[in-house]
Amino acid sequence: MMKDVVISIRAIQACGMDDEDLVEFTTDGLYTYDGEVGCLTYMETEVTGLEGTRTSVMVMPDQVVVDRDGLITSRMIFKEGARDSFLYNTPYGTATMNINTRRIHRQVGEHGGNVEIDYVVDMEHAVVTRNKFQLNITEQNMTGEQCHA
């Protein structure tokens, strides 16, 4: 059963040694957990520059899959120590990009949890960005208040 949740996202993106961008925001979403896999869905906002895009995150024991559908379309598979290629479709064109997942920490359960991914994005073997993505999922109760996982 899908549950209403509050999602707190913190993303750090570094393009160079001293050039870091930090994006933090909170949004509503839907979450389900089947005893092994946590699934989360939310709509992106203008804060991320991806307004009109639905993001779905599947947290599995051995990997995390992030699907985006809408203005931006992509499917990124994060597996610790592994490299993966994906298509990044935008209104301006499509690019093939690669992610090298350095570290994944995940702790999810029936009422939500946390996911942290440390990864590098590259294009044609040139580093584009170094990224840290933190996601906190907190279940809402029937009165709209948050219940902590």
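Residues numbered from 1 in each chain as written. Predicted model: local features only at pLDDT ≥ 70, side-chain atom pairs only at ≥ 80, totals over all residues. Heavy atoms only, no water.

Caption draft 1: Representation of the overall build of the protein chain. On a plain count of helices and strands, the protein chain comes out with zero helices and 11 strands. If you list the helices and strands of the protein chain from N to C, you get β-β-β-β-β-β-β-β-β-β-β. Summarising its shape, the C-alpha atoms of the protein chain cover approximately 50 × 30 × 30 Å along the three principal directions. The buried share of the protein chain, taken over its 149 residues, is 36%. Partitioning the intrachain contacts of the protein chain with sequence separation of at least 6 by distance along the chain shows that 33% fall at a separation of at least 24. Of the roughly 8,600 Å² of accessible surface on the protein chain, a fraction of 49% belongs to carbon and sulfur atoms. Looking at the protein chain, you have 12 positive and 24 negative side-chain charges, and the mean spots of the two groups are 7 Å apart. (Helix = DSSP H or I, 4+ residues; strand = E, 2+ residues; numbered from the N terminus. Buried < 20%, exposed > 50% of the residue type's maximum accessible area, 1.4 Å probe, protein only. Contact = heavy atoms within 4.5 Å. Areas by Shrake-Rupley, 256 points an atom, 1.4 Å probe, with all protein chains shown as cover. Lys, Arg positive; Asp, Glu negative; His and termini not counted. Charge placed at Lys NZ, Arg CZ, Asp CG, Glu CD.)

Caption draft 2: Looking closely at the pattern of salt bridges. In the structure shown here, the tally under the stated rule is nine salt bridges. The shortest N-O distance in the salt bridge between Arg54 and Asp69 comes to 3.6 Å. Placement of the pair is Arg54 in strand 4 (residues 53-59) and Asp69 in strand 5 (residues 64-70), with a sequence separation of 15 residues. Taking the relative accessible area as the measure of exposure, Asp69 reaches 44% and is therefore partly exposed. Of the charged contacts, one joins Asp62 and Lys79 as a salt bridge, the two residues approaching to 3.7 Å between their closest N and O atoms. Here the residue Asp62 occupies a position in the loop between strand 4 and strand 5, and Lys79 occupies one in the loop between strand 6 (74-78) and strand 7 (83-90), the gap between them amounting to 17 residues. The exposure class of Asp62 is partly exposed, given its relative accessible area of 40%. Under the relative-accessibility criterion, Lys79 is labelled partly exposed at 36%. Several salt bridges share partner residues, and in doing so they unite Lys3, Glu110 and Glu139 into one network. (Salt bridge = Lys/Arg side-chain N within 4 Å of Asp/Glu carboxyl O.)

Caption draft 3: Representation of the side chain of Thr55. Inspection of the secondary structure assignment puts Thr55 in strand 4. Among the polar contacts made by the side chain of Thr55, one reaches the side chain of Arg68 at a distance of 3.2 Å. (Polar contact = N/O pair within 3.5 Å; in protein donor to acceptor, adjacent residues only side chain to side chain.)

Caption draft 4: Quick peek at the nonpolar core. Leu40, Tyr42, Val57, Val64, Phe78, Ile117 and Leu135 are the most contacted members of the largest nonpolar core, which totals 24 residues. Broken down by element, this core gets its largest block of residues, four residues, from strand 9 (residues 112-123). (Core = buried A, V, L, I, M, F, W, Y, C linked by side-chain atoms within 4.5 Å.)

Caption draft 5: Seen up close, the packing of aromatic side chains. Under the criterion given, the structure shown has two aromatic pairs. Between Phe78 and Tyr119 the ring centres are 4.8 Å apart and the planes differ by 65 degrees, which places this aromatic pair in the edge-to-face class. Linking Phe78 in strand 6 with Tyr119 in strand 9, this pair joins segments that are 41 residues apart in sequence. Assigned by exposure class, Phe78 and Tyr119 land together as buried. (Phe/Tyr/Trp six-rings, centres within 6.5 Å; stacked < 30°, edge-to-face > 60°.)

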